[in-house]
Amino acid sequence: MKNPKTRVFLFLILFCSSVSYSQKITTGIYSGVNFSDIHGQDFGGKWQSKPGPVQGFYLGWLFNSSIGIQTGMNFSTVYYEHKTTYYPITYLTPSIYDYDVFPVYYNQAVDKMDFSFLRVPLLLTLSIPSIIQFNMKAGLIFSFVQDHSLSNYYYYYYSSQPVNTKKNDFGYMFSSGISYPLSDKFNATFNVSYLTGRKHFLENANLRHGSSEYTLGIDYEFLKKNKTAINPKFTSDSASKKVTVTYWGGVDISWNGLDADRGKYSSGTGPSLGFSVNFPLGSGFSFISGVSFERKGYSMKDSSTLFYKYMNNSTPMYYVDTKVQTDYAVIPFLISFPIGKSQMVFFNTGPWLGLKLNARNVGVAYNEIHSESSYTVNKTVIYDDLERYIKDNDIGWIFSTRVSLPLFNRYKVDLALQYSTGFNNVYNKTIVAEEQNSTVADYVIRNRTISFIVGFTIPASKH
């Protein structure tokens, strides 16, 4: 924000909002489990998602009825486990009567790394008032390694000398959750968070820390009323009645909207989970935004020299059966308007922003080797990281038809069919050209998705 007028304008908005509403301070404790999700791993082998403990406390301050900041401390242990690529091999050798067939298996090596962290987040929070209050948080998190252990492979990592590990890290944290009032001051909370580090924590490797967290907690609200507040209860009531929150889940069917070699690829499926906030604009029109977790990608079943792209111009050849999976945090900006007078069928359209959380290629590949005396089939189990090859974000447009059915009282069930198209080629040609060659870089990945969604709409709270 280089324009000083912009900074002054935003300051006045926050200042005026804090005058108009009571300022609320919240503190709480929580505990739960994290699941490791390492980033930047090399090709070959698979990183298992392992559970570990997490607990902490937080302190939050609301500037107005919805926007605030939060910090605290988080104590967690993250367990990483890597399994090397698995190669079952079948040999056919001639005998007196016929060919003998017998399988031979390589041992599957397992390498482990454990890290214990003290983490300090600095988050911007957004609270949506409803009967069950929704909370969204995003910002920076600073990590300090308290203890760690490495298996021999990663302790030395291609060298006879012990490798160095980074003691500090910083990264991004995204969190969403709900809180349910137990009394005037106490609330029960449930939060789902995603953490990703930015530093390479192991010498001579591209590995970065990552994990997801699922926590339960209790918080306590301190209410500090501003003397200059102008009837804050009335303002909050009239505003909250205009807002509804919909929690939804569904299935994504996605494919690669590229122009060349279209017949070599097919669609893939994945989960779609999230929430949306509906701000009525009048006459049935409304503005809808929120956050969702979506898995996009495509499938490939064909002969190729690469496991994620059709490429049939050199040897050795593989028969590849794989899926490219890219996880996004998707933020839509939709305008919704009714179809007909029933106010039950709506058409939604608008842009979306996708922030990449992870990218991988999973599946199997088979390689055949012929000779005068034998025939060998190699099977490779694939679980390769593609984060460097997929760009960090994508933008596009959404078209959706939604049917909203009353359930009981003021609750509703929403059924939606949604089509999403990405504008960008998310294949990072620059990185690929530097690491491989221009032929591999000459590729296009454009996200296309059809989603089937079921949602549950919660009415606004009375306070």
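Computed from a prediction, not measured in an experiment: that's the story for all the values here. (Residues numbered from 1 in each chain as written. Predicted model: local features only at pLDDT ≥ 70, side-chain atom pairs only at ≥ 80, totals over all residues. Heavy atoms only, no water.)

Engineer: What's the story with a nonpolar patch on the surface in this structure? I'm lost.
Structural biologist: A cluster of nonpolar side chains, namely Ile-25, Leu-59, Trp-61, Ile-67, Ile-69, Leu-124, Leu-126 and Phe-222, defines an oily patch on the protein surface of about 650 Å² accessible area. At the level of secondary structure, the elements contributing two or more residues to the nonpolar patch comprise strand E3 (51-62), strand E4 (67-83) and strand E7 (110-128). Along the chain, Phe-222 falls in strand E11 (residues 210-224). (Patch = residues over 30% accessible without salt bridge, like charges linked within 9 Å, V, L, I, M, F, W, Y side chains within 5 Å. Areas by Shrake-Rupley, 256 points an atom, 1.4 Å probe, with all protein chains shown as cover. Salt bridge = Lys/Arg side-chain N within 4 Å of Asp/Glu carboxyl O. Helix = DSSP H or I, 4+ residues; strand = E, 2+ residues; numbered from the N terminus.)

Engineer: So what exactly am I meant to see when it comes to the pattern of salt bridges here?
Structural biologist: When the charged atoms of two side chains with opposite charge come close together, those side chains can pair. The full count for this structure, using the stated rule, is ten salt bridges. Residue Lys-24 is joined to Glu-221 by a salt bridge in which the shortest nitrogen-to-oxygen separation is 3.6 Å. Within this pair, whereas Lys-24 is found in strand E1 (residues 23-36), its partner Glu-221 is found in strand E11, the two being separated by 197 residues in sequence. Since its relative accessible area comes to 17%, Lys-24 is described here as buried. (Buried < 20%, exposed > 50% of the residue type's maximum accessible area, 1.4 Å probe, protein only.)

Engineer: Help me out: how do you make sense of unusual backbone geometry in this one?
Structural biologist: For Ser-283, which is not glycine, the phi dihedral falls at a positive 60°. By the element assignment, Ser-283 lies in the loop between strand E14 (268-282) and strand E15 (285-304). Ser-283 gets classed as exposed once you look at its relative accessible area, which sits at 68%.

Engineer: Looking at this structure, I do not really get the environment of Gly-32. What am I missing?
Structural biologist: Considering the arrangement of structural elements, one finds Gly-32 in strand E1. When the C-alpha atoms of Gly-32 and Tyr-214 are compared, they prove to be 5.7 Å apart, with 182 residues separating the residues in sequence. In contact with Gly-32, not counting residues within four places along its chain, are Gly-52, Pro-53, Val-54, Tyr-214 and Thr-215. (Contact = heavy atoms within 4.5 Å.)

Engineer: I tried to follow empty space enclosed by the protein on my own but got confused; where do I start?
Structural biologist: Inspection of every chain in the model, using the stated rule, returns six cavities of 30 Å³ or more. Looking at the largest cavity, its volume works out to about 280 Å³. If you list the elements that add at least two residues to the lining of the largest cavity, you get E1, E3, E4, E7, strand E8 (133-150), strand E9 (168-181), strand E10 (186-197) and E11. Residues of the lining of the largest cavity, tallied by class, amount to five nonpolar, eleven polar and four charged. Here the second largest cavity defines a volume of roughly 180 Å³. As for the second largest cavity, its lining consists of 17 residues, and the residues nearest its centre are Tyr-30, Gln-70, Lys-137, Met-173 and Ser-193. Of all the elements, E4 adds the most residues to the lining of the second largest cavity, at four residues. The class makeup of the residues in the lining of the second largest cavity is seven nonpolar, eight polar and two charged. (1 Å grid on protein atoms, 1.4 Å probe; cavity = no way out; pocket = protein on both sides within 12 Å on 5 of 7 lines; lining within 4 Å. Points joined across faces, edges and corners; volume = space filled by probe spheres on them. Nonpolar A, V, L, I, M, F, W, Y, C, P; charged D, E, K, R; others polar.)

Engineer: Can you walk me through the side chain of Ser-400 in this structure?
Structural biologist: Within the fold, Ser-400 resides in strand E19 (residues 393-406). Once you skip the residues sitting within four places of it in the chain, Ser-400 turns out to touch Phe-346, Phe-347, Asn-348, Ala-416, Leu-417 and Gln-418.

Engineer: Explain the pairing of strand E21 (residues 447-458) here, please?
Structural biologist: In regular strands, side chains alternate between the two faces of the sheet. By the bridge criterion, twelve bridges tie strand E12 (residues 244-256) to E21 in an arrangement that is antiparallel. Across the sheet, Tyr-247 pairs through a bridge with Phe-456, a residue of E21. Here strand E20 (residues 412-422) pairs with E21 via ten bridges, running antiparallel. When the bridges of E21 are listed, Leu-415 appears paired with Val-454. (Pairing = 2+ DSSP bridges.)

Engineer: How do you make sense of the side chain of Asp-169 when you look at a structure like this?
Structural biologist: The residue Asp-169 is located in strand E9 in this model. Within the buried set, Asp-169 has no salt-bridge partner at all; the shortest N-O distance to an opposite charge, 5.8 Å, is to Lys-199. Looking at Asp-169, its side chain comes within polar contact range of the main-chain nitrogen of Lys-199, at 3.2 Å. Beyond its immediate chain neighbours, meaning those up to four positions away, Asp-169 contacts Ile-141, Phe-142, Ser-143, Gly-197, Arg-198, Lys-199 and His-209. (Lys, Arg positive; Asp, Glu negative; His and termini not counted. Polar contact = N/O pair within 3.5 Å; in protein donor to acceptor, adjacent residues only side chain to side chain.)

Engineer: Any chance you could explain the pairing of E7 here in plain terms?
Structural biologist: Strand direction decides the pairing type here: E4 and E7, joined by 15 bridges, are antiparallel. Bridge pairing in E7 links Thr-71 to Leu-122. Inspection of the sheet shows E7 paired to E8 by 16 bridges, in the antiparallel sense. Among the inter-strand pairings, Arg-119 is bridged to a residue of E8, identified as Ser-143.

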